[in-house]
Each structure stands twice: as C-alpha cells, then as structure tokens.
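As a plain string of letters, each chain reads:
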Amino acid sequence: MTGFDEAHIWHPYTSITDPLPAYPVAAAKGVRIQLEDGRELIDGMSSWWCAIHGYNHPVLNGAARSQLEKMAHVMFGGLTHEPAVQLAERLIKITPASLRYIFFSDSGSVSVEIALKMAIQYWHNLGKPAKQRMLTVRGGYHGDTFGAMSVCDPLTGMHSLFRGVVQEQLFAPRPETPFGEGLRDGDTDQLRALLERYHDEIAAIILEPIVQGAGGMWFYSADYLRAVASLCSEYDVLLILDEIATGFGRTGKLFAAEYAGVEADILCLGKALTGGYLSLAATLCNDRVRDGISAQGGVLMHGPTFMGNPLACSIASANIDLLLESDWQGRVSDIETQLQAELGNYRDRTGVSDVRVLGAIGVVELDSDIDVAKAQKCFVEAGVWIRPFGNLVYLMPPYVIGEEDLSNLTAAVELALGPD
Ligand SMILES: *Cc1c(COP(=O)(O)O)cnc(C)c1O
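Please read all numbers here as calculations on a predicted model, not as lab measurements.

Enquirer: Any chance you could explain the packing of helix H11 (residues 328-344) against helix H13 (residues 403-413) here in plain terms?
Expert: For any two helices packed against each other, one specifies the inter-axial angle together with the distance between the axes. Direction vectors running N to C along H11 and H13 enclose 35°, while the axes themselves pass 10 Å from each other. Taken as a pair, H11 and H13 cross one another with a handedness that is right-handed. Across the interface between the two elements, Ile335, Gln338, Leu339, Glu342 and Leu343 of H11 pack against Glu403, Leu406, Ser407, Thr410 and Val413 of H13. Classifying every residue of the contact of H11 with H13 by side-chain character gives five nonpolar, three polar and two charged.

Shown next, in the form of structure tokens:
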C-alpha cells in the first residue's frame, strides 16, 4: 500500500518524487488513530482543526447513516431539502444576529472565494467597480485556491512562485499586540495608512479573528480586531472574517470574534463544521451585503456541483447539536489550563522562543525549523500524532480528550525540542 501511495499519490505540500513518509491508517475512534501495523496514536491534531468530538462518533455515524438511507446527494439548483434548511437555521442562530443569509460550498478555500466574490459584486452593483482589491494583514492563511492564496501571507503563501497569476492585494503588517493585551501604540497605523490611500480601490478587509492559524499560529489582541472593525466603517469597506479554523469553540468562544464583540459583514465557516466527517463550508452575510448584491436583479455568480450536500449538512447539524449539548466550554477551558501548565514547562528551554495557549490550542515556537520527518517518526514511536510545521510544534486535540492522554501529548512535544 505505501509503495503505491509513494509512487502515485500527492500528499499536502509534499514532493511526489521525494515524499515524506505517510503512515497507513486502518481506523480511528475517539482520540485514537490506529495504524495498519496495529500501533495506536493519541491524536493531537483533530485532523487539522476538524474532529472536535473525536473519530467514529456514534451520534455522527448515526446522522450519516440515516441520511444515507434517504439520499446522499441531489443538486441544489432548483431543488432544496431539510438537511440544508436545518443546518442553515442552526448556523444563523449561533452566529451574530446580523448574519442571516448563507451560501453552502464544499471547502474552506471555496467559501473564501465566495466571500471575495460577494464583496466585489457588492461594490460593482453599487456603482463602485473600482473597489475590488482586498486588504489584509501578513501572517494570514485563507486557503489554497487563487483568490484565497492572494490574501495569504505573501511569503508563506509563496506569492513569488505565482507572481502575475495571483492578484496583488494590499498587506499591512501582522498584528503585533498579543492576545490579552491592550492595543499597542501604532499597531494599526499602517493598516490605516493603506485605507487612507487606497480605500477607493478596496472592497473588503479579510482576516482571521484573534488566531492566525496556518500562517504562524499567532494569537493577537481583541483590541486590534475592534480597531479593524471601526476602520472598516470609517473608510467604508466590508469586513470579512475567516472563522474556518477558529469556529465551533476552538478558542474558548463559539466564534473567536466574540472576544472582540465584532460582527463581520461576511463570515466564512468550515473545518469543524462537520466534526471532521465530510468537506463542507459556508459563507454567511448580512442584509447590507445581500441587498447590495441583489440590487437591480443582481445574482451571486457561484454554484458548486455539491452545493448543500445533504449528507454533509445532516452530519453538520448533528455535530453542532452535539457541541451545544456538551459542556464544550468547560472542556476547552480544562484543556487550556492543562496546556498552559504542561507546555509552559518548555518556556525556558534552549531553542524555545515562545509558548502560547488559547482555548484548546497550544503552541511551542522554536528558534529554528523542525525536521518534520524526523520529529514525526519520534512522535509515532511515542504513540502520539503531532505534525509540526516550520518552527512550530502545536497541539489542538479533540475536545473529548482525557487528562492522561493530553499529558502524553504535552510530554511528547519535548521530542521535537532537541537537547536542552
Ligand atoms: C484551512 C483553512 C482554510 C481553507 O480551508 P480548506 O477546507 O482547506 O479549503 C481557509 N481559512 C482558514 C483560516 C483555514 O484554517
């Protein structure tokens, strides 16, 4: 199996001629990933922010099965169904009251494309077609399709590789004020300067609220986000919040923007939306955006084949119910306390430049890049699944993880730190 995989199958951001090892998985249950060779790994990644309730969950399995008996999929053009309506009702209820309209798509990146399109169509329809650029901050990650890539950090997003193909957007520096601190002097100065100069060309500001994920796992001040929202009003640009990674409780709030009390004009959701079962995403917007796009008979120009997939929607509704019926806040807060105590021990270690924790996210930042293949092998031998990137080792376990399993994960992080 691994032979065929190595010869023919691309893995994420990996060479196909000189691939990193990929460990064959036979099954997964709860917080355990079972390898083909029988070894079991404690999952520290939730499969990239998704599997918040763990794997192979009886309730989510049940939702999948009962929907499967009815239909796996029907087209959304000219048809609708209970699973989509029920999920839309739930999402509209749990997000800010102003967000009342929803567009379903198949992945986070696509939901970002749709958000960008909404913003551009909004201004176009209001007679300001010049407003079609995006403003964002460095250190962001919004997905791998071209529009989404254009607003990713230019360095880690490899803009040089795609120069001339990826649209050139406007970038302010990464927010410097850490989470939990009042806004540092000057932190939004360059953002304001860009707005001052280019607001006639800017459709929207897009950013990940509070937690920048794959662009560097950085947690920034709620004051910064509040300042961004007020700059958006001042310069008349839309605010797009990408909660694809942060949504559904990961940061300790159901949605990270709640830390700042900020409401987006357009909101992207994905990842944990189906509890890690199927790919599904949603883009929500408010009355302002809906009315702008719809003026003079305007329609949103998008329509994915698998739009509103019933199987994914059913699982997503079950996933949200499961989350809201659980004591997720208590769980995330316990995980946070434990991560703070146990990862905090590495703070003074040689080679460690920072340890930060927010909600069920724990990050150890090193002075230099980690040898991923080597670290991964050590982790697997230690019975844990942790996948570092760049100079970061991080944990974001399923919320259902127990204290002892989490201690095993935090202890294993040491394996990536090198000699003290
Ligand atoms: C993962 C991610 C995306 C892209 O989602 P995909 O489902 O991988 O396309 C977009 N934005 C953020 C913040 C993400 O973490």
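Next, the rest of the story.
Enquirer: Explanation requested: the site of the ligand in the structure shown.
Expert: The environment of the ligand is made up of Ser107, Gly108, Ser109, Tyr141, His142, Gly143, Glu208, Asp242, Ile244, Ala245 and Lys271. A distance of 2.6 Å separates an oxygen atom of the ligand from a polar atom in the side chain of Ser109. Contacts to the ligand include Asp242, whose side-chain N or O atom sits 2.6 Å from a nitrogen atom. Contact with the protein chains hides 84% of the accessible area of the ligand, taken as 380 Å² for the molecule alone. Grouping the amino acids of the shell around the ligand by side-chain chemistry returns three nonpolar, five polar and three charged.

Enquirer: Explanation requested: the pattern of salt bridges in the structure shown.
Expert: A pair can form between side chains of opposite charge whenever their charged atoms are brought close. Inspection of the entire model under this criterion finds 18 salt bridges. Across the pair Glu414 and Arg349 runs a salt bridge, and its minimum N-O distance is 2.6 Å. Residue Glu414 is located in the segment after H13, and its partner Arg349 is located in the loop between H11 and strand E13 (352-358); the two are separated by 65 residues in the primary sequence.

Enquirer: It is not clear to me how unusual backbone geometry should be interpreted in this structure. Could you clarify?
Expert: Glycine aside, a negative phi is what most residues show, and trans is what most peptide bonds show. Backbone geometry at Ser47 places phi at a positive 50°, although glycine is not the residue there. The topology assignment puts Ser47 in helix H2 (residues 46-49). Residue classification places Ser47 among the partly exposed residues on the basis of a relative accessible area of 40%. Residues other than glycine seldom take positive phi values, yet Gln296 does so here, at roughly 50°. Among the structural elements, Gln296 can be located in the loop between helix H9 (287-294) and helix H10 (310-325).

Enquirer: What's the story with the nonpolar core in this structure? I'm lost.
Expert: A general trend in soluble globular proteins is that nonpolar side chains are found buried together. In this structure, Leu91, Leu207, Phe248 and Ile386 are the most contacted members of the largest nonpolar core, which totals 129 residues. With nine residues, the top contributor of residues to this core is helix H5 (residues 108-125). Beyond its immediate stretch of four places on either side in the chain, Leu207 contacts Thr136, Val137, His142, Tyr220, Tyr224, Leu225, Val228, Leu239, Ile240, Leu241 and Asp242. Ranked by size, the runner-up nonpolar core spans six residues in total, among them Leu60, Ala63, Ala64 and Ile315.

About the cut-offs
Residues numbered from 1 in each chain as written. Predicted model: local features only at pLDDT ≥ 70, side-chain atom pairs only at ≥ 80, totals over all residues. Heavy atoms only, no water. Axes fitted to C-alpha atoms, helices over the stretch in contact; angles between N-to-C directions. Helix = DSSP H or I, 4+ residues; strand = E, 2+ residues; numbered from the N terminus. Left-handed = near helix turned anticlockwise from the far one by under 90°. Contact = heavy atoms within 4.5 Å. Nonpolar A, V, L, I, M, F, W, Y, C, P; charged D, E, K, R; others polar. Near = heavy atom within 4 Å. Polar contact = N/O pair within 3.5 Å; in protein donor to acceptor, adjacent residues only side chain to side chain. Areas by Shrake-Rupley, 256 points an atom, 1.4 Å probe, with all protein chains shown as cover. Salt bridge = Lys/Arg side-chain N within 4 Å of Asp/Glu carboxyl O. Buried < 20%, exposed > 50% of the residue type's maximum accessible area, 1.4 Å probe, protein only. Core = buried A, V, L, I, M, F, W, Y, C linked by side-chain atoms within 4.5 Å.

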